[in-house]
Amino acid sequence: MQRREFLKLTLGAGAIGTLYVAGMIKTSHAQSSNPAITQPSLPFKKEGLEPYISAKTIEFHYGKHHAGYVSKTNQLITGTGYEKMPLVDIIQKTAGVADKAAIFNNAAQVFNHTFYWNSMHPKGGGKPTGKIGQKIEESYENHQKFTESFLDAAVSQFGSGWAWVVLDAGKLKIIKTTNADTPVAHGIKPILTIDVWEHAYYLDYQNRRADYVRAFIEHLINWEFAEQNLAD
Ligand code: FE
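Described in the following lines is the structure provided in the data block. Just so it is clear, the model here is predicted, and its values are computed rather than measured. (Residues numbered from 1 in each chain as written. Predicted model: local features only at pLDDT ≥ 70, side-chain atom pairs only at ≥ 80, totals over all residues. Heavy atoms only, no water.)

## Side note on helix 11 (residues 223–231)
Step number 1: Burial in helix 11 covers these residues: W223, F225, A226, N229 and L230. The buried side chains of helix 11 occupy one side of the element, clustering within an arc of 155° when seen end-on.
Step number 2: Its side-chain oxygen at 3.2 Å from the backbone nitrogen of E224, N222 defines the N-terminal cap of helix 11. (Buried < 20%, exposed > 50% of the residue type's maximum accessible area, 1.4 Å probe, protein only. Helix = DSSP H or I, 4+ residues; strand = E, 2+ residues; numbered from the N terminus. Arc of directions from axis to C-beta. Polar contact = N/O pair within 3.5 Å; in protein donor to acceptor, adjacent residues only side chain to side chain.)

What follows is the structure in structure tokens.
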């Protein structure tokens, strides 16, 4: 129930540009104790993804890394023109601007991590049915080819970054981004994502990124979230 309410809150609006306005951002904040950017609650319990992702990983990843990006973004935008902007606007306006790289990196990581938490579900993974299943078959012939492409993108991303399923000209496409880079910076609509920074898997899988990605595909992908993104 908690997860469904969260999804409704964050995904109620139509376009990706407005997706996160309701869920993540308070656009007015007269006091510093009421920050512009807030960290949404996790859509599952911290031990909810075990045995594939441990509570310990979630504690660090959500509680330290993601929280850190939220706090740093607020620190960097306070007193600037970005202070009252929706998160996606901040990301798009700072993308590629050399002296705004710190704001971009932190704001994009806030968005990416929220999208990542929602891309997983304790009872997720496997072969989807419904509209998303149909879209995968249209775009990739079959589920097997889709999973191979996703695994390949996530494993081959050199160093830190993300692998994404995005919607491009009505078809699903798999892309990867480096460091904090994010499809929304380029006006591309994300459907699902996996974090392949080492902090996402090292405690549970050490250097075995492929095992982490396989577990994500087989047991964690939140197809309901993907289908909602497809419909928006
Ligand atoms: Fe991360």
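More follows now that the structure is in view.
## Brief notes about the nonpolar core
Step number 1: I91, Y116, M120, I194, Y212 and F216 are the most contacted members of the largest nonpolar core, which has 64 residues in total.
Step number 2: In terms of residues, this core owes the most to one element, helix 6 (residues 101–118), which gives 9 residues.
Step number 3: For this core, the domains that each give at least three residues are domain 1 (7–118) and domain 2 (130–231).
Step number 4: Residue contacts for M120: discarding those within four places in its chain leaves F44, L49, I53, F216, L220 and N222. (Core = buried A, V, L, I, M, F, W, Y, C linked by side-chain atoms within 4.5 Å. Domains from an automatic or database assignment. Contact = heavy atoms within 4.5 Å.)

## Examining the coordination of the iron ion
Step number 1: In this structure, H61 (NE2), H113 (NE2), D195 (OD) and H199 (NE2) serve as the protein donors to the iron ion, at separations of 1.9 to 2.1 Å.
Step number 2: Each of the 4 donor atoms bound to the iron ion contributes to angles spanning 88 to 133°, and the resulting shape is tetrahedral.
Step number 3: For the iron ion, the single-chain donor residues occur in sequence as H-x51-H-x81-D-x3-H. Pair noted here: H113 is in helix 6 and D195 is in strand 3 (residues 189–195), with a separation of 82 residues, a long-range link.
Step number 4: H113 gets classed as buried once you look at its relative accessible area, which sits at 0%.
Step number 5: Residue D195 is classed as buried on the basis of its relative accessible area, which comes to 0%. (Donors = N, O, S within 2.8 Å, 3.2 Å for Na, K, Ca; no water. Tetrahedral: all angles 85-135°; square planar, octahedral: opposite > 155°, others 65-115°.)

## A word on the sheet that holds strand 1 (residues 161–168)
Step number 1: Here we have 3 strands laid out as an open sheet, ordered 2-1-3, and antiparallel in their pairing. The open sheet has two edge strands, strand 2 (171–178) and strand 3, and neither has a second partner. Strand-to-strand, the axes of this sheet are offset by a mean angle of 25°, without reference to chain direction.
Step number 2: With respect to the sheet, helix 11 is in contact with strand 1, strand 2 and strand 3, its orientation differing from that of strand 3 by roughly 155°. (Pairing = 2+ DSSP bridges. Axes fitted to C-alpha atoms, helices over the stretch in contact; angles between N-to-C directions.)

## Comments concerning helix 7 (residues 130–140)
Owing to its 3.6 residues per turn, the α-helix brings residues three or four apart onto one side.
Step number 1: Here helix 7 has its buried residues at I132, G133, K135, I136, S139 and Y140. Along helix 7, the residues classed as buried sweep out an arc of 160° about the axis, all on the same side.
Step number 2: Looking at the buried positions of helix 7, the neighbouring elements they touch are helix 8 (143–156), strand 1, strand 2, strand 3 and helix 11.
Step number 3: Looking one or two places after helix 7, you find E141, whose phi comes out positive at around 70°.

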